[in-house]
Amino acid sequence: MVSLPAYQLENLDGDRVSSPVAERALVCFIKEDCPTCKEVMPVLAAFYGHFAHEMPVHVIGQNESGNKALAAQFNPEFSILDDSALEVSFAAEIETVPTMLMLDASGAETARLVGFVKAEWQTLAADLSADQGLRELALDWSALPDWRPGCGSLSVDPANEPRLRALAEGSPIRARRIEIGSQDDEVEFMFDKGFSDGLPLVPPTPERVLAMLSGTKRDAQEVLGEMAPNMGEVTIEKVAINAVMAGCKPEYLPVVLAAVEAILTDDYNIHGVMATTMGASPVIVVNGPIRHRIGMNMGLGALGQGNRANATIGRAVRLVVRNVGGARPGETERSTLGNPMKFTMCFAEWEERNPWSPLHVERGFNEEDSVVTVFTMSSGPTLIVDQDSRTGSQLAGTLGQGLQSVMSPKAYSATDCLLVVVPEHVDTFMRDNYSKENIRQRIQQVSARPLRELVADENSATGLKQASAAQMDEASLNKLMTKFRRDEDIHIVVAGGEAGKFSGAFHGWVTGSVGSIPVSRKIGH
Amino acid sequence: MTTIMDPTDERVPVTRQLTPRPDTISGRVALLDISKPRGSVLLDQLEEVLGKQLPGVTLTRYAKPTFSRPAPAALREEIHQNNDFVIEALAD
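The shown structure was predicted, so the numbers you read here are calculated from the model rather than taken from an experiment.

## Examining the overall build of chain B
In terms of helices and strands, chain B carries 2 helices and 4 strands. In sequence order, the secondary structure elements of chain B are arranged as β-β-α-β-α-β. Buried residues in chain B amount to 12% of all 92 residues. Excluding contacts between residues fewer than 6 apart, the proportion of contacts in chain B whose partners are at least 24 apart in sequence is 72%.

## Regarding the overall build of chain A
The helix and strand tally for chain A stands at 18 helices and 23 strands. Its C-alpha atoms give chain A a radius of gyration of 34 Å, clearly above 24 Å, the size a compact globule of 525 residues would have. Put simply, chain A has 525 residues, and 45% of those count as buried. Counting only contacts in chain A whose residues sit at least 6 apart along the sequence, the fraction spanning at least 24 positions is 78%.

## Section: the interface of chain B and chain A
Opposite the 13 residues of chain B that make contact, chain A presents 29 residues. Here the side of chain B that touches chain A is composed, by residue class, of 6 nonpolar, 3 polar and 4 charged. Pairing geometry for strand β12 (residues 177–180) of chain A and strand β1 (residues 2–5) of chain B, over 4 bridges, is antiparallel. Across the sheet, the residue bridging to I178 of chain A is I4 of chain B, located in β1 of chain B.

## Regarding the pairing of strand β3 (residues 25–30) of chain A
Residues and elements named next belong to chain A. Summarising burial for β3: 6 of the 6 residues are buried, a large majority. Pairing analysis gives 5 bridges linking β3 to strand β7 (residues 99–103), with the strands arranged antiparallel. Across the sheet, the residue bridging to C28 is M100, located in β7. For β3 and strand β4 (residues 57–61), the ladder comprises 5 bridges, and the chain directions are parallel. From the neighbouring strand, I30 faces β4, where its bridge partner is G61. Between the parallel elements β3 and β4, the chain passes through helix α1 (residues 35–51) in a crossover that is right-handed.

## A look at the sheet that holds strand β2 (residues 28–33) of chain B
All names here are of chain B. With parallel pairing, 3 strands are arranged side by side in an open sheet as β3-β2-β4. Looking at strand neighbours, the two that pair on one side only are β3 (58–63) and β4 (85–89), the edges of this open sheet. Here the strands of the sheet are splayed against their neighbours by 20° on average, with no regard to which way each runs. Packed on one face of the sheet, helix α1 (residues 39–53) meets β2, β3 and β4 and runs near 160° to β2.

Procedures and definitions
Residues numbered from 1 in each chain as written. Chains lettered and ligands numbered in written order. Predicted model: local features only at pLDDT ≥ 70, side-chain atom pairs only at ≥ 80, totals over all residues. Helix = DSSP H or I, 4+ residues; strand = E, 2+ residues; numbered from the N terminus. Buried ≥ 20, exposed ≤ 12 C-beta atoms within 10 Å, placed from the backbone. Contact = placed C-beta atoms within 7 Å. Rg over C-alpha atoms; globule rule 2.2 N^0.38 Å. Nonpolar A, V, L, I, M, F, W, Y, C, P; charged D, E, K, R; others polar. Pairing = 2+ DSSP bridges. Right-handed = clockwise from strand over helix to strand, strands pointing away. Axes fitted to C-alpha atoms, helices over the stretch in contact; angles between N-to-C directions.

Right, here's the structure in full:
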């Protein structure tokens, strides 16, 4: 049993009528286009005539013009209260009209008659008359049908129910509501407000946000952290709003949430990633069973456009950074050139085409876990073309040569990279049973240079300063420098179409504690 | 009317901001009568006074068909395209 919510509804005369307070009452919900409601109108008139002196008898109609039509047709003594907003009907959990509620003095429901079952209405009339010390209700019950089914309440109509649920008391959403004028275009409005990354957004209406929140079991008000640079509080609701705008489906939300949690960590350092003039941005890699459940692309064109999950998950994360964190180009986002990855960059690893451990397992998770990993990359994917090598050693050698130019050819031990190995290159590696560790070592071996080759010269002033080199002895200058400080700074995943011998490399940003460290998070529910 | 949920951290008010007010009036000024009684009287007086005080300013009279409805899109567009300021006579 539910308690009827407090209400103030306008009757047909334009008067506001309040819900009963501290007294017994009868409240009946009707709508005009319901034949049973019309059959019940004379019964309601009789109830009103009989009981209205003793207690409030409210008849609530669900459609304003329908209420007027009913009044014109039946000319009842009572004036129908207008609930065309349907908020009272929804809060009272009316699923069928007519529904007659009997309320006690505390407002609690003591009877609920759904549709028209003559015997129930007769019993209600008789019991209530007896309680109130009234004579019997004068009504020719024999003229009425024994039973009539009710009709669907407009408050549970699929056209209305999501909106009502989103707006109702107890709705999980709490964010500020913004009313867009009827003459304003909502998409233009969102551009004007600066919510957009430059592309149109889906308006985050309350019903869409609520639908998005159905994608997670977590509390909408749970705080994930504070997003730099404004240190805006990131709640699950705020992520859901931005996910709606990005075009996500509710089932993508757990991935977006995990990615946002990952970038909120100190290790990841989203503030630096956004503020740097280098144009860095998160690259999001998804592993585990969720890839298939939400239809992510890991094959042909995995790093490109055309897959909704890939495109909108990455975009949602960026919109959270923009809108909740306040990182906007020209403000705290200071990238010199910008980067198309700043719109979105998310893909799944093709684990089934990967003969090695998938990324998440390498990073300590179980194979059946769904995991998101965020890397900070400043450019890429840069293709490394090798259609000729037929051994793992040769192919990894080409990759090593290709990776030598990351940041600049003399920038050594400065960054990391994410190597996306395509299926045809996987096949080449597997001719020799080449492991990921073999690949990493070979890349480091091929790209290693003695320090003396990394000294600034007339061709380029980058690298070790000549003055510093002049202080060094021969042994120091002959020391071999590796392109990547540690082998594990070369992150390797498998993705891409079956045809084509071009692996891709995302070039890193400043890595380690002064920059951004890749972070993995298990995707929850 | 569409309602959307605020995607930001809510530190900036979302109410429509006033266009910055210039220190001086120059160029083109629209005088808009919304068609409420005696709005034209006020605008007649304003037109006369402004014409004397701001001789370099072009004054153009406009009227909404009725005060009870928003101005038609074509009228809004015309006023927007051809004027730098609008003075609207709002009430009777």
